[in-house]
Amino acid sequence: DRFTVTLDRDFEQVIRACAEPRPDHPETWISERIIASYLALHRAGHAHSLECWEAGPDGAPVLVGGLYGVSFDRVFCGESMFSRRDNASKVALAWLVALLRHAGFSLLDC
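Not measured: the values here are computed from a predicted model.

Here we look at the overall build of the protein chain
No. 1: Across its full length, the protein chain holds 3 helices and 5 strands.
No. 2: Counting from the amino terminus, the protein chain carries its helices and strands in the arrangement β-α-α-β-β-β-α-β.
No. 3: Taking 110 residues into account, the globule formula puts the C-alpha radius of gyration at 13 Å, and the protein chain, at 14 Å, falls close to it.
No. 4: Here the protein chain holds 110 residues, and 37% of them are scored as buried.
No. 5: For the protein chain, the proportion of contacts with a sequence separation of at least 24, taken over those separated by at least 6, is 59%.
No. 6: Carbon and sulfur atoms provide 54% of the accessible area of the protein chain, an area that totals close to 6,800 Å².
No. 7: Seen as two clouds, the 11 positive and the 15 negative side-chain charges of the protein chain have centres 2 Å apart.

Notes on helix α3 (residues 88–103)
Given 3.6 residues per helical turn, the α-helix brings residues three or four places apart onto the same face.
No. 1: For α3, which comprises 16 residues, the first-to-last C-alpha distance of 23 Å matches the rise-based estimate of 22 Å (1.5 Å per residue) to within 8%.
No. 2: As for α3, its buried residues are in contact with β2 (47–55), β3 (61–72), β4 (75–83) and β5 (107–109).

Re the sheet that holds β4
No. 1: Overall, mixed pairing links the 5 strands, which are arranged β1-β2-β3-β4-β5 in an open sheet. Two strands in the sheet have a free side with no partner beyond their single neighbour: β1 (4–7) and β5. With direction set aside, neighbouring strand axes in the sheet form an average angle of 25 degrees.
No. 2: Here α3 sits on the sheet in contact with β1, β2, β3, β4 and β5, set at roughly 160 degrees to β4.

Concerning the pairing of β3
No. 1: The buried fraction of β3 is high, at 9 of 12 residues.
No. 2: By the bridge criterion, 9 bridges tie β2 to β3 in an arrangement that is antiparallel. For His48, the partnering residue across the bridge sits in β3 and is Gly69.
No. 3: Here β2 hands over to β3 after 5 residues, with Gly59 in that stretch at a positive phi of 90 degrees.
No. 4: In terms of strand pairing, β3 meets β4 through 8 bridges, oriented antiparallel. If you follow Gly69 over to β4, its bridge partner there is Gly78.
No. 5: Once β3 ends, the chain turns through 2 residues before running back antiparallel as β4, passing Asp73 with a positive phi of about 50 degrees.

Rules of the game
- Residues numbered from 1 in each chain as written.
- Predicted model: local features only at pLDDT ≥ 70, side-chain atom pairs only at ≥ 80, totals over all residues.
- Heavy atoms only, no water.
- Helix = DSSP H or I, 4+ residues; strand = E, 2+ residues; numbered from the N terminus.
- Rg over C-alpha atoms; globule rule 2.2 N^0.38 Å.
- Buried < 20%, exposed > 50% of the residue type's maximum accessible area, 1.4 Å probe, protein only.
- Contact = heavy atoms within 4.5 Å.
- Areas by Shrake-Rupley, 256 points an atom, 1.4 Å probe, with all protein chains shown as cover.
- Lys, Arg positive; Asp, Glu negative; His and termini not counted.
- Charge placed at Lys NZ, Arg CZ, Asp CG, Glu CD.
- Expected span 1.5 Å × (residues − 1).
- Pairing = 2+ DSSP bridges.
- Axes fitted to C-alpha atoms, helices over the stretch in contact; angles between N-to-C directions.

On their own, these measurements won't tell you what the molecule is for.
What follows is the structure in structure tokens.
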């Protein structure tokens, strides 16, 4: 109950958070060209995100973790994930697995 989890609520914010440099990975493969490509896939209904939100100091939701990927047929290919709070990306992944099982998917490529 620590996080509120949503699907496709803010795809662009998720992919941009995944593209942010990390101390152990200062460079990213997620360029602006790749972001634009995935945004087009999202608009076409092929790319999806799961978001983990936490209430901020003013009560407004703050994105603290998530993942995104591409789906086709009964396959979901996870592309990247991020976490700004302990275990937030793991919570998003657990929710993804539950959603894919419920929807009858047969493969999750991580």
